[in-house]
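Close look at the chain arrangement
Residues per chain are reported as follows:
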Amino acid sequence: MSVPTPVELTEITTARPEAGAARGAAWRRLLRLRWGMAAAGVLLLIIAASVFAPFIAPHDPLAVDIRHRLSPPAWMDRGTPDHWLGTDPVGRDLLSRMIYGGRVSLVVGVTSVLLSASIGVLLGLGAGYFRGNTDWLIMTGINVMLTFPFVLLALAVIAVLGPSLVNMIIVLGVAGWPIYARVVRAETLALGERDFVVAGRALGMSHLRLIFRQIAPNLLSVIVVIATLQVAQVIVLESFLSFLGLGVQPPTPAWGNMLGEGRLYMLNSWWIATFPGLAIFVTTLAINLMGNALRDWLDPHLKL
Amino acid sequence: MRRYLARQVVQLVVVILGISLLAFGILHVLGDPVLLLLPQNAGKEEFERYRHLLGLDRPLYVQYWKFVSRAVLGDFGKSWYADTPAFKLVLERMPPTIYLTLCGLVVALLIALPLGTLAALRRHSWVDNLCTAVAVAGQAAPIFWLGIMMIIVFSVRLRLLPASGYDGWQNFLMPSFCLGAALAPITMRLVRSGVIEVMNMEFIKTARAKGLAESRVVTKHAFRNACIPVITVLGLQFGQLLGGAIITETVFAWPGVATLTVESIRNQDFPVVQCAVVLLALLIVAVNLIVDVIVGFIDPRIRAS
Amino acid sequence: MARLATLGPALLLAVALVTPADVLAQTKDDTIVYALQSDMQNWDPPNSVLRESIIMGYNVFDHLAARDLKTGKVGPSLALSWKSIDDSTWEVKLRSGVKFHDGAPFGAKDVKASFERVLNPENKLTARGNHAKIKSVEVVDDLTVRFKTDGPYPVFVERLTALVMQSEKVMKEKGHEWMQENPVGTGPYKLVKWNKKQEHLLVRNDDYWGPKPAFKYVRVRIIPEQATQIAELVSGGVDIIKAVPPDQMDVINKSGQARTTVSPILRTAMIQLDQAGRSGANPFQDKRVRQAANLAVDMDGIIKHVLNGLGDRTATTVNPMAFGFDPSIKPFKQDLAQAKKLLADAGFPNGLEVGFLRTQPTVEPGLVQTSDAITADLAKAGIRAKGRMVGEVGPFTNLIRDNKADPMFEFSWGYYSIFDADAIFFDVMTCNQPYSYYCNKALDDLVIQGRSTLDSKKRMELYAKAQKLVYDDAAYIFKWGLRGVWGVSNRIDYEAPRDEVDRMWAVTPRKK
């Protein structure tokens, strides 16, 4: 289909903006960069917490203690400082589970995006460079996969493979490649006309060398921005699948399955679902802000 | 124009083939189809018979052919749980999903069109910044979280709306709003981009030069032409919308295809899952085609070629 | 663009006009709304093991006898009286003037047809085992039936409450397939519409022979999520919900819109251990390991903290309300040291790993939390149970039936609402039952004897022996008899039924 993806169309800056608008645009960019840096800071905190989880989590996230089940957060009455964010229906410490849950989200997010990016970039490069039938085949593949909503594809594959952390990474990784492929292909097609590539061919450089030494480095900024934004998408999707019970299985803590378990308790023990929900929101927001800022910083005139 | 349409149809056929391959691949290559497609209480002879029926002893392309030839006739096997044909089950649940998706689209547009246009016209102003900020925050909020909160506020605490069910128009309000609100941020940004692109075009400058009032410029010229990129993008959005509808349905226990699919996954009822995936994909393809045709009619550039 | 915008409201209108529930104009005042977590697979009660089928069966069909909830005794329903002619013959006199929903009169031929249909092995109906002791049914005259049993059958009367009476005419003229979706009974309500997996609509049978139901319509809504059920109850969308988890009771009671009602019920929970080796060789084939498992768990603590006290500890699988229950047997008390010692004796000084098949709490509230707590306790003794969750009841029960369960699996039994130890010993724990992973010839002998004598005193002794045997052998990890919690709207009067059967005809509007 001839329709551009949302990522591409989001901030089209065409033509020559008038002077006032240029100042306005610059101001916006600065603001976005500021927000982006703050977001990056928050993200760094989240990542650090996940990496150092065994050292900072106050309790074992799997330790069942039914005598202290459904304890409210420390600042409410009946809450204790022993469990800052309260406990879940079998007495496990919520804060510890949240910290460890972050690990799942980040691992799934980063791994599956790396997988998607690898597949997508390779295929995009191949399509844009070799053109002809290869291009047609890959373009069709892209169109077919883009037809399926991410969610639906994930559900279909989980149905067959069964719910687990690894399967989710595979599914999300394999389902996410079209976006990279499309953009990389477009850029590669454009770059392929450029002098240094033509010269390279004339000099007898091998395909591989041309692709990886000359073309690919120009694509880095595009790939990084798309990847960053996709991590957020994947994290939300992973939480949704876990929320349905089709992702990470309890007792392994994941923000999504904690939300799912906590749903029944929303009317009295609200903390069980609320904090994981907030975690998902904050993380996603931070990644989006950082991604937007990255896009501006790497190449403001990027048709992204 | 004719060439454009023809090209679209060819692409459509290719994409449909691709979908069938994908659906086939997922079930037949990733898993053991006999184990997945037969009810669990079937005996050993049933397994062997089915294996032969599906042609699993034959090469993959034969299996694929059998799958496609059956699917075209609407035979996706029988749901083991309900003992009815999978196709019938999925088809029955399509209308609620489609209605929800459309209502979600309406809500998304109601929010996104005015806000996006406003943001585009007052580009770089505080209005624009506010809209963008809200959009970014909105994009980060998980849909299912929003849905749960809405049920608590509007059903339990305020007792204004029903918590679930599919009886009347009141049941549509929360799910549509949830879905629409979830998609509004990105739609808004697309509308904004589309309007900006159009506003910068030559004919707008001409209209202004001719001395037309700004409001006329916006409504008569800009808006009509902005429709093109917006509609094109909305066409793609249908896939996203459906994805969002899938999530919304599960939160509101909506009797649509998504809840059927999730339930079938839990019940290990694969014929239904496979059928649902294929039919939904076909639906998206159909909508994309319709959108492309509409665009073909509206966009003078395409009409002329 | 504009076209799409007008399409939306048009569609909304279309939907509003075409929705199912307004086939007949029900109003809130004449309708009870009842929530179920999952839908039945058919409307043919003898052909289903689901509790939902039993409950709905009571509302659309009648049985020969019925339990009076206040006295707990079995009294007349479609049958007016019964007597045993000799050790293996019972004569039952039927009520006259009863009609099926299609107008056909009810008589002895229908009783004969209903029993024969269930007992015929070719029909493969799931309820066959429950009534297997009946050898033949003879029509004496239109209102009298004679049952011949395979030897003395002491639970005959109790089990009369467990088979619905279906129409012989329907069986002959319409056949099995039709009967799966079209129930024709003699009961207080008739089925009007069934939207599979969504809802059922029942309408009052105005020609009912018994007490007339107060509400004209019953809307049965299938709401799988418990959170949604509770939300609907407190917002007025639903009138009765069941199996409420104990830690959500305060939400309902504080809402001002609904309240909870509690009753001990026959349903008894346990964790089956694969002594018979049906899932393959496993550690639970050794009695010491089974005993260790029982000794590892602080069951009383779990009832107190997780169920808020809403459970009655059982020493075995026999419910305190069932005939034959022996209160002198004391349940296992937690003793981790002893548990570890037994494991070491059995050859597991460092503990062991074992699979644990689990499911979602459809009939047993708090199941996920109690099993989590049990898993944690078992781990303290060295038994590391790895949970495998199969959320849906259908696949879960099929795995058990097909020998594909894990060596440990969650299980509960509703006794088919028969208040007799036979209903669990025979139906579940004897060697050839599909859902029993315990097989002990000595137990089988006791159980067969127990159901072959009409002498109550002798039966009590036999069942006491059986319970001691099952206890000493630590057949399962024994848990508790459930206390059922129902959530009920404040606009109606309804008490929790101790046989787990929701009688829609007994619901009345609350007096102001």
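Note: the structure precedes this text.
Residues numbered from 1 in each chain as written. Chains lettered and ligands numbered in written order. Predicted model: local features only at pLDDT ≥ 70, side-chain atom pairs only at ≥ 80, totals over all residues. Heavy atoms only, no water.

Right, let's talk about the overall build of chain C for a bit. When helices and strands are tallied, chain C shows 16 helices and 19 strands. The C-alpha radius of gyration computed for chain C amounts to 24 Å, which stays within 12% of the reference 24 Å derived for 512 residues, consistent with globular compactness. Principal-axis analysis of the C-alpha atoms places the extent of chain C at approximately 75 × 70 × 45 Å. Across the 512 residues in chain C, those meeting the buried criterion constitute 62%. In chain C, the proportion of contacts linking residues at least 24 apart, taken out of those at least 6 apart, comes to 70%. As displayed, chain C has an accessible area near 19300 Å², and 53% of this comes from carbon and sulfur atoms. (Helix = DSSP H or I, 4+ residues; strand = E, 2+ residues; numbered from the N terminus. Rg over C-alpha atoms; globule rule 2.2 N^0.38 Å. Buried < 20%, exposed > 50% of the residue type's maximum accessible area, 1.4 Å probe, protein only. Contact = heavy atoms within 4.5 Å. Areas by Shrake-Rupley, 256 points an atom, 1.4 Å probe, with all protein chains shown as cover.)

Attention shifts here to the pattern of salt bridges. All names here are of chain C. Using the criterion set out here, one finds 52 salt bridges over all chains in the structure. For aspartate 286, the salt bridge identified is with arginine 288, shortest N-O distance 3.1 Å. Across the salt bridge formed by lysine 341 and aspartate 345, the nearest N and O atoms sit 3.3 Å from each other. Here the residue lysine 341 and the residue aspartate 345 both occupy positions in helix H11 (residues 336–345), the gap between them amounting to 4 residues, near one helical turn. Of the residues examined, aspartate 345 reaches a relative accessible area of 41% and is grouped as partly exposed. One connected set of salt bridges, linked through shared partners, spans Lys83, Glu91, Lys93 and Arg146. (Salt bridge = Lys/Arg side-chain N within 4 Å of Asp/Glu carboxyl O.)

Let us look at a nonpolar patch on the surface. Residues and elements named next belong to chain A. A surface patch of nonpolar side chains, about 640 Å² in accessible area, is lined by Leu44, Ile47, Val51, Phe52, Phe55 and Ile56. Going through the elements one at a time, helix H2 (19–51) and helix H3 (53–56) are the ones with two or more residues in the nonpolar patch. Ranked by residue count, the leading element in the nonpolar patch is H2, at 3 residues. Look at leucine 44 and you get exposed, because its relative accessible area is 60%. (Patch = residues over 30% accessible without salt bridge, like charges linked within 9 Å, V, L, I, M, F, W, Y side chains within 5 Å.)

With the rule as written, the count across this model stands at 1 disulfide over all chains. At a sulfur-sulfur separation of 2.0 Å, the disulfide partner of C:Cys431 is C:Cys439. Around the S-S axis, the bridge from C:Cys431 to C:Cys439 shows a dihedral of about 95 degrees and counts as right-handed. A relative accessible area of 19% places C:Cys431 in the buried class. What makes C:Cys439 partly exposed here is its relative accessible area of 33%. B:Cys103 carries a free sulfur, and the closest cysteine sulfur to it, the one in B:Cys178, is 13 Å from it. (Disulfide = S-S within 2.5 Å.)

This paragraph deals with the interface of chain A and chain B. The interface of chain A with chain B comprises 51 residues on the first partner and 60 residues on the second. Summed over both sides, the interface of chain A with chain B buries roughly 5300 Å², with 76% coming from carbon and sulfur. For the pair chain A and chain B, the interface holds 0 salt bridges. Taken together, the elements giving at least two residues each to the side of chain A that touches chain B come down to helix H1 (6–9), H2, helix H5 (132–147), helix H6 (150–161), helix H10 (207–244) and helix H12 (271–298) of chain A. Broken down by element, the residue count for the side of chain A that touches chain B peaks at 11 residues, all from H12(A). (Buried area = accessible area lost by both parts, 1.4 Å probe.)

So, on to helix H11 (residues 257–266) of chain B. All names here are of chain B. Most of H11 sits inside the fold, with 8 of its 10 residues counted as buried. Residues of H11 that are buried: Val257, Ala258, Thr259, Leu260, Thr261, Val262, Ser264 and Ile265. Positive phi appears at glutamine 268, one or two residues downstream of H11, with a value of about 55 degrees.

A few words on the environment of B:Pro114. All names here are of chain B. With respect to the helices and strands, the residue proline 114 is situated in helix H5 (residues 86–121). Judged by its relative accessible area of 47%, proline 114 is partly exposed. Through-space distance from the C-alpha of proline 114 to that of arginine 51 is 57 Å; in sequence the pair is 63 residues apart.

It is worth spelling out the nonpolar core at this point. With 151 residues, the main nonpolar core has A:Leu155, A:Tyr180, A:Phe243, A:Leu259, B:Val90 and C:Ile241 as its most contacted residues. Leave out the neighbours within four places in its chain, and A:Tyr180 touches A:Val113, A:Ser116, A:Ala117, A:Gly120, A:Val121, A:Arg185, A:Ile223, A:Ile226, A:Ala227 and A:Gln230. A:Ile66, C:Val60, C:Leu352 and C:Tyr435 belong to the second largest nonpolar core, which has 106 residues in total. (Core = buried A, V, L, I, M, F, W, Y, C linked by side-chain atoms within 4.5 Å.)

What follows covers the environment of B:Asn171. Residue and element names in this part refer to chain B. Secondary-structure assignment places asparagine 171 in helix H8 (residues 169–199). For asparagine 171, a relative accessible area of 7% gives the class buried. Not counting the four nearest positions on each side in its chain, asparagine 171 is found in contact with Pro162, Ser164, Gly165, Tyr166 and Trp254. Within polar-contact distance, the side chain of asparagine 171 engages the backbone oxygen of glycine 165 at 3.1 Å. (Polar contact = N/O pair within 3.5 Å; in protein donor to acceptor, adjacent residues only side chain to side chain.)

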